[in-house]
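Single-letter residue listing:
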Amino acid sequence: MKVEEVESVEAPPKARVEDARESFERKRDYLDGFLKAEPPKLSPGEPGGDVYEGVIEALKDIYDPEIPVNIYDLGLIYGVEVDEGHVTVNMTLTTPNCPVAESMPGEVELRIGSVPGVGVAEVNLVWDPPWDPAKMTDEARLELGML
């Protein structure tokens, strides 16, 4: 086996290493501060001040195309979680064969994503527990003549 000669590599000057380290630390400190920053707080009196209430209002503006009642009062919304601008909605449909099964979750995501204070909107379509008319609000039952 033949051993080849390797050229010696000169180490960078100490000043360049320290400059690079200092630059890295400044960037790290900036990013740490950015990531730890509190999201802007909106007071309830301002438009969009209460993100949760804004999301509920947005959900009440979305109507089932076959039933003249909004999806919130129909009982299709199983949960709304708001965590620092990240909103997660768990919802279902009246049946898995619903004609809007593919489009409704996308519409819900767009609507809640447009609420002031919402940074990320996520919609989970769930089938358990299955929807039944008992999940409707009294207002929805009244609207449908079921009361």
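Residues numbered from 1 in each chain as written. Predicted model: local features only at pLDDT ≥ 70, side-chain atom pairs only at ≥ 80, totals over all residues. Heavy atoms only, no water.

Draft legend 1. Region of interest: the overall build of the protein chain. Tallying secondary structure elements over the protein chain gives 4 helices and 3 strands in all. For the protein chain, with 147 residues in total, the buried portion stands at 27%. The contacts of the protein chain with a sequence gap of at least 6 include a subset with a gap of at least 24, amounting to 57%. On the protein chain, roughly 10600 Å² of surface is accessible, and the fraction owed to carbon and sulfur atoms is 53%. (Helix = DSSP H or I, 4+ residues; strand = E, 2+ residues; numbered from the N terminus. Buried < 20%, exposed > 50% of the residue type's maximum accessible area, 1.4 Å probe, protein only. Contact = heavy atoms within 4.5 Å. Areas by Shrake-Rupley, 256 points an atom, 1.4 Å probe, with all protein chains shown as cover.)

Draft legend 2. Quick peek at the nonpolar core. Membership of the largest hydrophobic core comes to 28 residues, with the highest contact counts inside it found for V55 and L59. Those elements that provide at least two residues to this core are α2 (51-59), β1 (77-83), β2 (86-91), α3 (104-113) and β3 (120-125). Top contributing element to this core by residue count: α2, with 5 residues. When near neighbours in sequence (up to four residues on either side) are disregarded, L59 contacts N70, I71, Y72, I77, V80, V108 and I112. (Core = buried A, V, L, I, M, F, W, Y, C linked by side-chain atoms within 4.5 Å.)

Draft legend 3. Here's a closer look at the side chain of T92. You can see T92 is positioned in the loop between β2 and α3. Look at T92 and you get buried, because its relative accessible area is 0%. In terms of polar contacts, T92 uses its side chain to reach the backbone carbonyl oxygen of V126, at 2.8 Å. Apart from the residues lying within four places of it in its own chain, the contact partners of T92 are L76, Y78, L125, V126, W127 and W131. (Polar contact = N/O pair within 3.5 Å; in protein donor to acceptor, adjacent residues only side chain to side chain.)

Draft legend 4. Structural detail: α2. Among all positions of α2, only V51, V55, I56, A58 and L59 are buried. Looking straight down α2, one finds that the buried residues subtend no more than 160 degrees of arc, so they occupy a single side. (Arc of directions from axis to C-beta.)

Draft legend 5. Layout of the sheet that holds β2. Across the sheet, 3 strands lie side by side as β1-β2-β3; this open sheet has mixed pairing. Bordering the open sheet on either side are β1 and β3, each of which pairs with just one other strand. Neighbour-to-neighbour, the strand axes of the sheet open up by a mean angle of 15 degrees, direction not taken into account. By the bridge criterion, 6 bridges tie β1 to β2 in an arrangement that is antiparallel. (Pairing = 2+ DSSP bridges. Axes fitted to C-alpha atoms, helices over the stretch in contact; angles between N-to-C directions.)

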